[in-house]
Amino acid sequence: MVAIDLGSNTIRFIEFDGLVWGKSFEKIVRTAEGLHETHLIGNKALDRIIEAIDDAKNIFDFTQPIRAYTTAAMRLAYNSDEAIGLIARSTGIVFEIIDAEKEGLLTLEAVRNRLNVLGSVPSSFVLADIGGGSTELSRYTNAEIETVSLDFGIVTLSEAAENTLDEKIQSFKHAVRGSIKNQTEPLVLTAGTPTTIAAYVNGMDYTTYNPQKINGYRLRLSDCYRVYDELLRMDEAARTRYVGIGRENLIIAGVLMVTAIYEAMECEEAIIIDDGLREGIALEYYKLH
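Residue numbers here run from 1 along each chain, matching the order of that chain's written sequence. Local features are withheld for residues below a pLDDT of 70 in this predicted model, meaning they are given only at 70 or higher, and side-chain atom pairs are given and counted only at 80 or more; totals for whole chains, interfaces and linings count all residues. By convention in this description, side-chain values take in all heavy atoms of the structure and omit both hydrogens and water.

## Overview of the overall build of the chain
Numbering of helices and strands runs from the N terminus; a helix is a DSSP stretch of H or I covering at least four residues, while a strand is a stretch of E covering at least two. Counting its regular elements, the chain contains 13 helices and 11 strands. Each radius of gyration reported is based on C-alpha atoms, and the globular scaling rule is 2.2 Å times the count of residues to the power 0.38. Its C-alpha radius of gyration of 18 Å places the chain within 12% of the 19 Å reference for a compact globule of 289 residues. Based on the C-alpha atoms only, the size of the chain along its principal axes is roughly 45 × 45 × 35 Å. Counting over 289 residues, the chain shows a buried share of 54%. Counting only contacts in the chain whose residues sit at least 6 apart along the sequence, the fraction spanning at least 24 positions is 70%. Accessible area of the chain: about 12800 Å², with a carbon and sulfur share of 48%. Charged-residue counts in this description rest on Lys and Arg as positive and Asp and Glu as negative, His and the chain ends being excluded. The atom standing in for a charge is NZ when the residue is Lys, CZ when it is Arg, CG when it is Asp and CD when it is Glu. For the chain, the distance from the average position of its 28 positive side-chain charges to the average position of its 43 negative side-chain charges is 3 Å. A 1.4 Å probe rolled over the protein chains alone gives each residue an accessible area, and that area as a share of the maximum for its type sets the label: buried under 20%, exposed over 50%, partly exposed in between. In what follows, residue pairs with any heavy atoms lying within 4.5 Å of each other are defined as contacts. Only the protein chains shown count as cover for residues, with accessible areas throughout obtained via the Shrake-Rupley method and a probe of 1.4 Å.

See the structure below:
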């Protein structure tokens, strides 16, 4: 089967047969571009989504079962039904909008699965998944799960006026602190920004990114500060080399959000996991079939 996660910034595809992970593909589509101003999924974003799916058809066999979910941007957009209808008519892929709780639970399941493969599942931990339009925080404690969604994402924050970004980051930090009452558990981070930071620290760029070297990596807050300073000093072309086309201006807000989570939880280190909602969708499919 092919699992598809249409997020607020990226669309991600992966093949899975219930035992072995197959081909994967992702592309920046910026679904949430302009959303906080217009409350609509724009025509340019829809064109990018359709183009990305057409690209994926050259990689995957789309006659096999497909499970396609979409998240925060479509949850918030006034025209989500029309947008999903247009994508379906243009590509044949019908997306289901899932709520924040299901998004958090599926992502947590994927992360727990990867930690289990690595042989290091903590009895309790806090998972932060920074998306383009929202951030999901999940606490796993002795098999009990709590999930909360915060309306802060890298696309929406990066589109904020420059003089309000610091204020929004402080609001985000306050929201994280209020959501995670007990700050003693290990912190686990997934999604594009933390994996990009970890890749940079390990000498990788966007084209040489290797998830096997990222999964389980322990990223220190001090390294996040260093990467932020170095990315900030780069010109756009140099930054694109490390973060990919379409993310060169988003990454600054993303790194600030990552450091805000560390600071809110008063921790110096986090475990980085590449697996996320995309893998959770695939795992769910085989639980139900």
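Having seen it, we continue.
## So, the pairing of strand β6 (residues 124–130)
Extensive coverage of β6 is indicated by the burial of seven of its seven residues. For two strands to be treated as a pair, DSSP must find at least two bridges joining them. Sheet analysis places β6 next to strand β7 (residues 135–141), joined by seven bridges and oriented antiparallel. Residue pairing for β7: Ile 130 is matched across the bridge by Thr 135. Inspection of the sheet shows β6 paired to strand β9 (residues 187–190) by four bridges, in the parallel sense. Looking at β9, one finds that Leu 127 is bridged to Val 188.

## Brief notes about the packing of aromatic side chains
Ring geometry is summarised as follows: Phe, Tyr and Trp rings, the Trp one being its six-membered ring, pair when their centres sit within 6.5 Å, and such pairs are stacked at plane angles under 30 degrees, edge-to-face over 60 and tilted between the two. All told, the structure shown has 10 aromatic pairs when counted by the stated rule. Relative to Phe 62, the ring of Phe 13 has its centre 6.5 Å away and its plane inclined at 35°; by these criteria the two rings are tilted. Here Phe 13 is found in strand β2 (residues 10–16), whereas its partner Phe 62 is found in the loop between α2 (43–56) and β4 (66–70), with 49 residues between them in sequence. Phe 62 carries the same exposure label as Phe 13, and that label is buried.

## A look at the packing of helix α5 (residues 100–118) against helix α13 (residues 277–288)
Every axis in this analysis is a line fitted to C-alpha atoms, fitted for helices over the stretch in contact. Angles between the N-to-C directions lie between 0 and 180 degrees. Put simply, α5 and α13 touch, their axes get as near as 7 Å, and they point 90° apart. Comparing the axis directions of α5 and α13 gives the class roughly perpendicular. When α5 is examined against α13, the residues Lys 102, Glu 103, Leu 106, Thr 107, Glu 109, Ala 110 and Asn 113 are found in contact with a partner set consisting of Leu 277, Glu 279, Gly 280, Ile 281, Leu 283, Glu 284 and Lys 287. Taken together, the residues that form the contact of α5 with α13 break down as five nonpolar, three polar and six charged. Every angle not falling under 35 degrees, over 145, or within 65 to 115 is termed oblique; those three ranges are roughly parallel, roughly antiparallel and roughly perpendicular. Throughout, the ten residues Ala, Val, Leu, Ile, Met, Phe, Trp, Tyr, Cys and Pro are labelled nonpolar, Asp, Glu, Lys and Arg are labelled charged, and all others, Gly among them, are labelled polar.

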